[in-house]
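Chain residues, written in single-letter form:
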Amino acid sequence: MILIKTPLRISFFGGGTDLPEWYEKNHGSVISTTIDKFTYSTLRRIPSFYNINYRLRYFKHEEVKNISNIKHNSIRETIKYFRLKGPIEISHNSDLVSQSGLGSSSSFTVGLVHAFSLSKMLKVNKKLLS
């Protein structure tokens, strides 16, 4: 089992400059810092006798056989990128509620990339993850 703890962040300047409506026409900059609240992700192999390949637990619960059936965009695309094969379970929890404006979806995705990198024994540094 792989356990990942990723900090949430507060943006002081530049919020919204990461949206296509803005960055396709303008340049953007963001100044932010992490805080003492975190997201927690776990990745583990599940027994093959389950009739699923991917069990996903976040604010929703998904159990699917094929990657293409995963509804959570970040999970689906990160699994595709790393070519991660099931049967696996990914669980996500956070100190704060989703859509708080504290970068929880970004923290979650960074945690996934970190967990998947560890599962594939790939060396990833903090700068690459940020």
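To be clear, the structure that these remarks concern was listed above.
All values reported here derive from a predicted model rather than from experimental measurement. (Residues numbered from 1 in each chain as written. Predicted model: local features only at pLDDT ≥ 70, side-chain atom pairs only at ≥ 80, totals over all residues. Heavy atoms only, no water.)

Student: Describe in detail a nonpolar patch on the surface, supporting the description with residues and values.
Tutor: On the surface, a cluster of nonpolar side chains totalling about 300 Å² of accessible area is made up of Ile-10, Phe-12 and Ile-31. Inspection of the secondary structure assignment puts Ile-31 in strand β2 (residues 31-45). (Patch = residues over 30% accessible without salt bridge, like charges linked within 9 Å, V, L, I, M, F, W, Y side chains within 5 Å. Areas by Shrake-Rupley, 256 points an atom, 1.4 Å probe, with all protein chains shown as cover. Salt bridge = Lys/Arg side-chain N within 4 Å of Asp/Glu carboxyl O. Helix = DSSP H or I, 4+ residues; strand = E, 2+ residues; numbered from the N terminus.)

Student: An account of the packing of helix α2 (residues 73-82) against helix α3 (residues 104-119) is needed here, citing residue identities and associated values.
Tutor: Packing of α2 against α3 leaves a shortest axis separation of 10 Å and a crossing angle of 25 degrees. Comparing the axis directions of α2 and α3 gives the class roughly parallel. Considering only the axes of α2 and α3, their crossing is right-handed. Of α3, the residues touching α2 (which contributes Ser-74, Ile-75, Thr-78, Ile-79 and Phe-82) are Phe-108, Thr-109, Leu-112, Val-113, Phe-116 and Ser-117. Partitioned by chemical class, the residues of the contact of α2 with α3 number seven nonpolar, four polar and no charged. (Axes fitted to C-alpha atoms, helices over the stretch in contact; angles between N-to-C directions. Parallel < 35°, antiparallel > 145°, perpendicular 65-115°, else oblique. Left-handed = near helix turned anticlockwise from the far one by under 90°. Contact = heavy atoms within 4.5 Å. Nonpolar A, V, L, I, M, F, W, Y, C, P; charged D, E, K, R; others polar.)

Student: Kindly report on the environment of Ile-90, identifying the contributing residues and their values.
Tutor: Structurally, Ile-90 can be placed in strand β5 (residues 88-94). With near-sequence residues (within four places) excluded, Ile-90 lies in contact with Thr-42, Leu-43, Arg-55, Leu-56, Arg-57, Ile-75, Ile-79, Leu-112 and Phe-116.

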